[in-house]
Amino acid sequence: MAAVTFRFPYPAAGSAAPDLVAQPVDAPTISVMDAAAERGDGAFETFGIVGGAPQAVRDHLERLRESLAMLELPDPDLPALAETCRRIAARATGDAWLKLVVTRGGMDRAAPSAWAVLADAADTAPLRTDGIAVVTADRGFASDYAAREPWALIGAKTLSYAQNMAAIREAHRRGAGDMLWATSDGVLLEAPTSSLVVRRGSALVTPDPRVGTLHGTTQRAMFRWAEGAGLETAYARLTRADLASADAGWLASSVRGAVPISRVDGSALPIDRARTDEIAAFLRARRD
């Protein structure tokens, strides 16, 4: 399936599902002065698509609403956006992803811009088998920063991803597949495009979002799986030592699913293959 872009009017509260205009992904879509292109001023969500249906629609759209509120953009009509995402996802011919973008708008910033991209998903099975090596790095703020400075948009899924991409490139230079951020006082956060989840005995644990992470939709789904499997779940302040001593760890994201962590800063971490397979099956079966 060739990647496709869909432009549509931003559905503010009370709107009906907007009409869709499809065009090739490389065709001109936005003004060079749109807030996305000029300043990265907007928010987005990326949905996994399985069987022509978007996954975790409610979780993604509620998080988008929260990000837009932090950006002081108009509240969206979530049912209209949900219907839009379902109509787009129905065009997928296999496993795919859908990226939904909302920005502050064109040069006059009179109204938000909105569009979506639909594309085939890469095969992530090798990652789930072999795992991924990560390196840790200082994110540049302390664990109380997000609470002290809410204007800084810590926890919003904005379009400002240059630092995220730089982090992944640096991880590759260090011989790893991804980077795991920590606060300057040593509390683990997240990876540039995924959440951290660790298993400690019979519990799945993830960093507390209040410390300065995006609250992951896939991480939340993993917690629902864990509760159904009789495991405990918890949000906590994790350190590098906690990760190094964990029984297993994963990076969780909408497109890759739950990828086991195989090494941390050069030291091996056990891969829980049985639970990785169970989680993968659960994630593929989820819908709204």
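Residues numbered from 1 in each chain as written. Predicted model: local features only at pLDDT ≥ 70, side-chain atom pairs only at ≥ 80, totals over all residues. Heavy atoms only, no water.

**Describing helix H9 (residues 273-285)**
Moving on, step 1. Here H9 contains 13 residues, and its C-alpha end-to-end distance of 19 Å stays within 8% of the 18 Å for a straight helix at 1.5 Å per residue.
Moving on, step 2. Packing partners of the buried residues in H9 comprise helix H4 (125-130), helix H7 (217-228), strand E13 (248-253) and strand E14 (257-264). (Helix = DSSP H or I, 4+ residues; strand = E, 2+ residues; numbered from the N terminus. Expected span 1.5 Å × (residues − 1). Contact = heavy atoms within 4.5 Å.)

**Some words on the sheet that holds strand E2 (residues 21-24)**
Moving on, step 1. Pairing in this open sheet of six strands is antiparallel, and the strands run E2-E1-E6-E5-E3-E4 from one edge to the other. The open sheet has two edge strands, E2 and strand E4 (53-54), and neither has a second partner.
Moving on, step 2. Pairing of strand E3 (residues 42-50) with strand E5 (residues 96-103), which is carried by eight bridges, proceeds in the antiparallel orientation. Of the residues in E5, the one forming a bridge with Glu45 is Leu100.
Moving on, step 3. Of the strands in this sheet, E3, E4 and E5 touch helix H2 (residues 57-70), which is tilted by about 175° from E3. (Pairing = 2+ DSSP bridges. Axes fitted to C-alpha atoms, helices over the stretch in contact; angles between N-to-C directions.)

**Topic: H2**
Moving on, step 1. With 14 residues, H2 extends 20 Å between its outermost C-alpha atoms, agreeing within 8% with the 20 Å of an ideal straight helix rising 1.5 Å per residue.
Moving on, step 2. Looking at the buried positions of H2, the neighbouring elements they touch are E3, E4, helix H3 (78-89), E5 and H7.
Moving on, step 3. Of the residues flanking the end of H2, it is Glu72, one or two places downstream, whose phi is positive at about 60°.

**A short note on the packing of H2 against H7**
Moving on, step 1. Axis separation between H2 and H7 bottoms out at 10 Å; the angle between their running directions is 140°. If you check the angle between H2 and H7, you find them oblique. Handedness of the H2/H7 crossing: right-handed. Contacts between H2 and H7 involve Asp59, His60 and Arg63 from the first element and Thr217, Arg220 and Arg224 from the second.
Moving on, step 2. For the contact of H2 with H7, a count of residues per class yields no nonpolar, two polar and four charged. (Parallel < 35°, antiparallel > 145°, perpendicular 65-115°, else oblique. Left-handed = near helix turned anticlockwise from the far one by under 90°. Nonpolar A, V, L, I, M, F, W, Y, C, P; charged D, E, K, R; others polar.)

**Observations concerning the side chain of Thr276**
Moving on, step 1. Assignment of secondary structure puts Thr276 in helix H9.
Moving on, step 2. Within polar-contact distance, the side chain of Thr276 engages the side chain of Trp250 at 2.8 Å.
Moving on, step 3. Beyond its immediate stretch of four places on either side in the chain, Thr276 contacts Arg128, Trp250, Ala258 and Pro260. (Polar contact = N/O pair within 3.5 Å; in protein donor to acceptor, adjacent residues only side chain to side chain.)

**A few points about the pattern of salt bridges**
Moving on, step 1. Summed over all chains, the structure comprises 15 salt bridges.
Moving on, step 2. A salt bridge links Arg65 to Glu62, with the nearest nitrogen and oxygen atoms 2.5 Å apart. With Arg65 and Glu62 both in helix H2 and three residues apart, the pair spans about one turn of that helix.
Moving on, step 3. On the basis of relative accessibility, which here comes to 25%, the residue Arg65 falls in the partly exposed class.
Moving on, step 4. A salt bridge links Arg174 to Glu170, with the shortest nitrogen-to-oxygen separation between them at 3.0 Å.
Moving on, step 5. You can call Glu170 partly exposed: its relative accessible area is 25%.
Moving on, step 6. Connected via shared salt-bridge partners are Asp144, Arg148 and Glu149. (Salt bridge = Lys/Arg side-chain N within 4 Å of Asp/Glu carboxyl O. Buried < 20%, exposed > 50% of the residue type's maximum accessible area, 1.4 Å probe, protein only.)

**Topic: the nonpolar core**
Moving on, step 1. The biggest cluster of nonpolar side chains holds 26 residues, and the ones touching the most others in it are Ile49, Leu61, Leu64, Leu98, Leu100 and Leu118.
Moving on, step 2. When contributions to this core are tallied by element, the ones reaching two or more residues are E3, H2, H3, E5 and strand E6 (113-120).
Moving on, step 3. Here this core takes five residues from H3, the largest share from any one element.
Moving on, step 4. Residues in contact with Leu98, not counting those within four places in the same chain, are Glu45, Thr46, Phe47, Ile49, Cys85, Ile88, Ala89, Ala116, Val117 and Leu118.
Moving on, step 5. Listed in part, the 18 residues of the second largest apolar core include Val134, Ala203, Leu251 and Val259. (Core = buried A, V, L, I, M, F, W, Y, C linked by side-chain atoms within 4.5 Å.)

**Details of the packing of H2 against H3**
Moving on, step 1. Their axes nearest at 10 Å, the elements H2 and H3 cross at an angle of 130°. Between H2 and H3, the angle is such that the two are oblique. With respect to the hand of their crossing, H2 and H3 are arranged in right-handed fashion. Together, Val57, Leu61, Glu62, Leu64 and Arg65 of H2 and Leu78, Leu81, Ala82 and Arg86 of H3 make up the contact between the two elements.

**Things to note about the pairing of E13**
Moving on, step 1. For E13, the buried fraction is high: six of the six residues fall into the buried class.
Moving on, step 2. Here E13 pairs with E14 via four bridges, running antiparallel. Each bridged residue has a counterpart across the sheet, and for Trp250 the counterpart in E14 is Pro260.
Moving on, step 3. Hairpin connection of E13 to E14: three residues between the antiparallel strands.

**A closer look at the environment of Ala12**
Moving on, step 1. Mapped onto the elements of the fold, Ala12 is located in the loop between strand E1 (4-7) and E2.
Moving on, step 2. Once the C-alpha coordinates of Ala12 and Asp75 are considered, the two residues, 63 residues apart in sequence, prove to be 6.2 Å apart.
Moving on, step 3. If near-sequence neighbours (up to four positions away) are discounted, Ala12 is found in contact with Asp75, Pro76 and Asp77.

By themselves, these figures tell us nothing about what the structure is for.
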